[in-house]
Every structure is written in C-alpha cells, then in structure tokens.
Amino acid sequence: MPDPASDDAPIANPTWYGNISGFFDDGEIQCMAAQGIDLASYDGVRKHATDIYEQTRVGNMPMGGTPWTAGRVRTFLNWIATGFPIGVAPPPPPTPVPTPTPVPDPIVAHPTYSADISHFFRPQDVACMSGFGVDLAAYAGVKAMAAQIYARTKSGNMPQGGPPWSANRVQTFANWIADDYPLGAAAPQAMTEEMLTAAAAPGVRLRKNVNALSPAEIELLKTAFRGIMALDPTTPQSPLDPNSYFVLAALHGVPNAYCMHHVDGYNPWHRVYMKAFEDALRSVPGCAEVTLPYWDITEPVPALLYEPPFDSYTLPIEIAAASNSYPQGYQTQRFDAATIRTNLLKLPSVPSDIADALPAEKWGAYKNGGGFQQYIIEGHDDGHNSCGPTMANQDVAAYDPIFWFFHCNWDRLWQSWQVLAGATTVPGFVATLDGNTDWLPLALDPYPTPGSDTIVWPDIAYDALAGGDVVAMESKAGSTDAAMAFTVEPSRVSLRVKDIDRMNIPGTFVVNLLADGEPIARRAFFQPTVPRGCATCRKQALISLDFRLDQSLILGRKLSIAIEVPSLGEGAAGNFPLAEAGNPTINVRMLLSPE
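Definitions and limits used
Residues numbered from 1 in each chain as written. Predicted model: local features only at pLDDT ≥ 70, side-chain atom pairs only at ≥ 80, totals over all residues. Heavy atoms only, no water. pLDDT = per-residue confidence, 0-100. Contact = heavy atoms within 4.5 Å. Pairing = 2+ DSSP bridges. Helix = DSSP H or I, 4+ residues; strand = E, 2+ residues; numbered from the N terminus. Core = buried A, V, L, I, M, F, W, Y, C linked by side-chain atoms within 4.5 Å. Buried < 20%, exposed > 50% of the residue type's maximum accessible area, 1.4 Å probe, protein only. Salt bridge = Lys/Arg side-chain N within 4 Å of Asp/Glu carboxyl O. Phe/Tyr/Trp six-rings, centres within 6.5 Å; stacked < 30°, edge-to-face > 60°. Lys NZ or Arg CZ within 6 Å of the ring centre and 35° of its normal. Arc of directions from axis to C-beta. Axes fitted to C-alpha atoms, helices over the stretch in contact; angles between N-to-C directions. Parallel < 35°, antiparallel > 145°, perpendicular 65-115°, else oblique. Nonpolar A, V, L, I, M, F, W, Y, C, P; charged D, E, K, R; others polar.

### Remarks on the confidence of the model for the protein
Point 1. Model confidence for the protein is summarised by a mean pLDDT of 85, while 87% of its residues fall at 70 or above.
Point 2. Note on residues 186–193: pLDDT under 50 across the span, and 18 contacts to partners over four residues away in sequence or across chains.

As structure tokens, then:
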C-alpha cells in the first residue's frame, strides 16, 4: 500500500492488469472472499466496482489496511468511467525461493488474555472479523467466540488473509480455554536503561519535572513563553498568529472551544495539543530546543509558577462566550500554593485517583467506570477545580499559564499507564479497550491527527514515569462477569451519584457528599458555562460521579449530596436543585477485583 502521507498520482486510463489488480493485497482478498466478494479476479472486482468505489471513497476499505489515497480512489473511478479495460496480462512470476520455516511460538501452559491471548490478533484480523460481528479487540468478544476461534485456527482457516497459527499457538489458546479464560494482567514495565537511552536520542524531546530545571533552562522557558505572548493580537482586527499564546489557549476555551472532555479522545486530543503548544514555544528565536516541563500534581505547586510570565495572563482582546464575555484586560486568577495543595488532598484526593488509575489493566470508559480513563479524568476534573477560578472554568482555563504544566503531567500519566499496561503500540493499546475502537481513526478536531496516531509518540519522552510502586495491574469495579472469579476489596466502597443531567448546570460544578450534614468528600465535573452549546457535551448529557472511599467514613451515618455551582455564587447561592439536575440516584457498591 502507498505511504498515506503521499498521494498516488491519478491515472487517466488505468487497466486491470496494469494498475487495478495491484490495489488489493492477499489479506484484503481473503477477508472479502469470506463475504462473497472476489477481489482477486477481474470479473469479481468489475461486478462490485461501484460498491468498492463508494467504500474506499469514504475510507471504509480496505478492512484493517491503510485507507486509499484520493489519487488511488480517482484512478479506480477512471477505470470504471473508461469501461473497465483489462489490459495485457503480465508474464508469470518466477518460481519463489523457499523461505525457512519460522520457529513456532512457545506453548504457554497457563496463558491469560491480557498477557498472551490479546497479542494473537493483528489490527487487520480485528478489522476483518468485525465485518462478521466478531470483536477480536475485546476480552468479552474473544471469550464468546473462543470455541469457534479454536476450531478455525486449528484447521488453518483463520486468521483470514494471514499466515495460519502455529500448532503451539493453537495449543496455548486451547490452554486458555481449559483454564476458564483467565483475564490476567499485562506484564508491567519499568523505565529501563533502554528506554532512558531512547529518551536521550537525537531528536527526542525530553520533558522534565519543572522542579528539575536548571537556571539556564528556566530562563530559556521564560523567553519562549514571553515570545509567544508577544505574538498576541493587539486589536480585534489584528491578524492571528497560530503560534501566539492567545490563539493556542483559545482552542481549548472560548472563543473556539474545541471541547474534548469525558470522551475516548480526551487523552489523545490533549497529547496533540501539548505538542502544538511546545512547537509554538520552539518557534521563538533561540528556543528551538525548549521542552514543556510538567508539574507533578502529587507534589506542591512549584514556586516558579508564581513568577512572571507563569503567574498569570491578561487577555489582549475581549472574548465572547455563549452566556457572557471576558473583557480585554481580564487577568487569570489562581489560588495560592497552600490552598491548591489543600484542595488537591480533599477526599477522594487527586493523588488517590492517580493511584487508582495507574494499575488499571483496562482503558475503560468514562461513564461505565472501572478503567484508567474514568479514574484519570476524575483526577483531572478535581485538579482543575483545585487550582482556582480560572482553571475551574473551562471557558478560560487554558489562558492560565499553569494549565500547560498541569496538562503536560496528565500526558505523562497516560504515558506511564501505557508502559505499565503494555499499551505502547496500537495492537497493545487496542487489547486494553472494551471493544469500542470506532474513535481511533477519527481526526482530533481541529488537528488532522487521528487518535490511533497518538498511541505511539516516539519523539517525546519524560525524565521519569509515574507508577513505580505498581506491582501488578488490576481491574476494580462494582460489578463483574458472573463467569469470573473475584475478590472483594476489604475496606473501600464506591458511592456513585448516577445520571446527573448536566445540560442545565452552568459551568463546572462540584458534587459534595455530606455525612450527618457535614461535607466529607467532593467530586468536581469540568465543563463549559453553557453545556447545551457544546456538541461533545450533548452526546453525553447524563453523567455519573464516583466516590471511592474507606467505608468507615460512611457506615451508619446519615448521607446526602448537594450540587454546588461556583458560577452561581458562594454558599447557599451556589447550590443547584437536584430536580433540575435530573434527580440523580445513588448506588453504593463494594469494589471487586476479577481474578
């Protein structure tokens, strides 16, 4: 297949033998043959030419392969338009030289899905079988079809379009079935010498803890920040420089508001966003080697972030939101370091959310819970709300300079989890998903980068990853498959405030958990001032918030919840009626760990 970064030059008068027959590889041919479409023959392709054109034009084919370029699609259309010319058959190929038989996979006596079985399926296998309603990307899908997969691989009929499994691999799969489909955990990985060496390779950007910067690195970083701030517009009519601080911050909040929160694309979008900001810093003369540092949120706020130009930012022009506007001269507001530290440690603390996220063996889904995504997004939202009025307001959060150090750390945490979960490649990452891969090929608007391209991010590294104390990956949730053995965590429970309708709530809000009338825990939810005006928000109008707490805090006490909305005012003025928030329900569960 061609390099997707380049475009095939369209051919005005293509022929079957000269051009079209080479558009289909063996894997595509075998995959589509199982669906009754013969891509290996002139007659088969001509018969289905219109369908092939329509599917390749919108990127739905080839299954599991690189989408055709616009030039290739045009060449295929030209072939249809010129009456399907067959051309001249090429001479037969020379007799191939036999290749050595590869060494078979070793037999694993007691394999698990996460550590062994998930790696047996290539992206093209997953894509091909999805056309038959078989989900090879998820534990549940493979388990449900295990008997059929075993029978087909044993006879050499699977995978479609790929080399047959070795006898040892088939036996390993049979052993997995015999052991009752253990889920297991991917082998944890540490920051090895090889990884540290790769991080120091030429062209790799090494991002450091802001507390580890040398005086020279601090001055360079200040120069870079001041440089992009100097590019800001001076009047509403000023041309906008894509590298200006204002323009970059405006992508996350108003006036542009590309909201990518509480969805699968949250981590990938912010990864691209951090690199775009870092690229802008590097565009400042003399700053080509600067990298964006991270603030490890489990540590106190560094004093450096209260020095200019990191202490605050002033809007150069007025910006308008759906419900209000921020005038020229609006200055970002932030709590002092001691208050931020206190807020971060309120139960359930942000460090505890991170501690729950890093050992999660599954990516999970934000609303359904039980995976890395839910825990890390909960920590993210509470972290935003802990930092001050500007960071708590999605409309303007990115204008506060602390935002960039804060979010660089959340990217580091995602990278840390990827290493721990064995999810540093696309197949490895897909193996941690619960079957929903539809979002991976989608562009992260306004960037053309698809989510799948962010899984491997080879040119950026961190001086230290989190999770060094994680011994084994685990999956904690309030429910599990009845076929799974499980253990009950002895002291912690999950109290879920379920199905909060956030559409009527103006901006970021906090759900307070009260025991005997006194607040004992809080959860923040980060959102725009007018969520109804946000397309991403409308896709998930009902949300749930989890409080994972020691049960001693709540047993035998009179519990209640209250929704507090800072934009409405302080104290009683900031309370939001539960009836207007959809009358959410309460669920309390013991936490389970599937074995």
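### Comments concerning the sheet that holds strand 6 (residues 509–515)
Point 1. With antiparallel pairing, the four strands of this open sheet are ordered in space as 7-6-9-10. Each edge of the open sheet carries a strand with a single partner, namely strand 7 (518–525) and strand 10 (575–576).
Point 2. With seven bridges connecting them, strand 6 and strand 7 associate as antiparallel partners. Within the sheet, the bridge partner assigned to Leu513 lies in strand 7 and is Ala521.

### Digging into unusual backbone geometry
Note: most residues except glycine have negative phi, and most peptide bonds are trans.
Point 1. Between Val254 and the following residue, Pro255, the backbone shows a cis peptide bond with an omega angle of 10°.
Point 2. Locating Pro255 in the fold gives a position in the loop between helix 11 (245–252) and helix 12 (266–282).
Point 3. The omega torsion of the bond from Leu347 to Pro348 falls at -15°, within 30 degrees of zero and hence cis.

### Topic: the side chain of Arg169
Point 1. Looking at the element boundaries, Arg169 is found in helix 8 (residues 167–178).
Point 2. Those residues within four positions of Arg169 in sequence are excluded, and the remaining contacts are Asp105 and Phe120.

### Let's talk about the environment of Leu495
Point 1. Mapped onto the elements of the fold, Leu495 is located in strand 5 (residues 486–501).
Point 2. Along the chain, Leu495 and Ile586 lie 91 residues apart, while their C-alpha atoms are 7.0 Å from each other.

### Describing the nonpolar core
Point 1. Counting residues in hydrophobic clusters, the biggest one holds 106 residues, and the most contacted among them are Phe121, Phe173, Phe225, Trp295, Trp404, Trp417 and Phe429.
Point 2. The dominant element in this core, judged by the number of residues it contributes, is helix 16 (residues 402–421), at twelve residues.
Point 3. Those residues within four positions of Trp295 in sequence are excluded, and the remaining contacts are Val210, Pro300, Val301, Pro302, Leu305, Ile340, Leu344, Cys387, Ile402, Phe405, Phe406 and Asn409.
Point 4. By size, the runner-up hydrophobic cluster in this structure holds 22 residues, among which are Leu495, Val511, Phe525 and Ile563.

### Remarks on the pattern of salt bridges
Point 1. Counted under the stated rule, the structure contains 21 salt bridges.
Point 2. Between Arg492 and Asp356 there is a salt bridge; the shortest N-O distance is 3.1 Å. One end of the pair, Arg492, is in strand 5; the other, Asp356, is in helix 14 (residues 350–357), with 136 residues separating them in the sequence.
Point 3. The exposure class of Arg492 is buried, given its relative accessible area of 16%.
Point 4. Through salt bridges with shared partners, a single ionic network connects Asp353, Asp356, Glu378, Asp382, Arg492, Arg522, Arg523 and Arg548.

### Concerning the packing of aromatic side chains
Point 1. Within the structure shown, the criterion is met by 44 aromatic pairs.
Point 2. Each ring, one from Phe246 and one from Tyr399, has its centre 5.9 Å from the other, and the planes form 40°; the classification is tilted. One end of the pair, Phe246, is in helix 11; the other, Tyr399, is in the loop between helix 15 (372–387) and helix 16, with 153 residues separating them in the sequence. This pair shows no difference in class: Phe246 is buried, exactly as Tyr399 is.
Point 3. Both rings, one in Phe403 and one in Trp404, keep their centres 4.9 Å apart while their planes meet at 80°; by these two values the pair is edge-to-face. Side by side, Phe403 and Trp404 carry an identical accessibility label, which is buried.
Point 4. Positioned above the aromatic ring of Trp165 is the side chain of Arg169, whose terminal nitrogen or guanidinium carbon lies 6.0 Å from the ring centre.
Point 5. If you follow Arg334 out to its NZ or CZ, it ends over the ring of Tyr306, 5.2 Å from the centre.

### Things to note about helix 5 (residues 123–130)
Quick reminder: α-helices carry 3.6 residues per turn. Residues three or four places apart thus point the same way.
Point 1. Along helix 5, the residues that are buried comprise Asp125, Val126, Ala127, Cys128 and Met129.
Point 2. Residues of helix 5 that are buried in the fold lie against helix 1 (26–33).

### Description of helix 3 (residues 49–57)
Point 1. Turning to helix 3, its buried residues are Ala49, Ile52, Tyr53 and Thr56. Taken down its axis, helix 3 places every buried residue within 100° of arc, on the same side. Of the exposed residues in helix 3, the ones pointing more than 90 degrees away from its buried face are Thr50 and Asp51.
Point 2. Where helix 3 ends, the next residue or the one after it, Gly59, has phi of about 85°, a positive value.

### Description of the side chain of Gln418
Point 1. Checked against the element boundaries, Gln418 lands in helix 16.
Point 2. Ignoring sequence-local partners within four residues, the contact set of Gln418 consists of Arg271, Ala423, Thr424 and Ile455.

### Things to note about the packing of helix 11 against helix 12
Point 1. Following both chains from N to C, one finds helix 11 and helix 12 inclined at 175°, their axes separated by 11 Å at the closest point. Relative to helix 12, helix 11 is oriented roughly antiparallel. Residue-level inspection shows Tyr245, Leu248, Ala249, Leu251 and His252 of helix 11 in contact with helix 12, the latter providing Trp269, His270, Tyr273, Ala276, Phe277 and Ala280.
Point 2. The residue makeup of the contact of helix 11 with helix 12, split by class, is nine nonpolar, two polar and no charged.

### Details of the pairing of strand 9 (residues 559–564)
Point 1. As paired elements, strand 6 and strand 9 share six bridges and run antiparallel to each other. When the sheet's bridge partners are listed, Leu514 is paired in strand 9 with Ser560.
Point 2. Pairing geometry for strand 9 and strand 10, over two bridges, is antiparallel. Residue pairing in the sheet places Ile563 in a bridge with Phe576 of strand 10.

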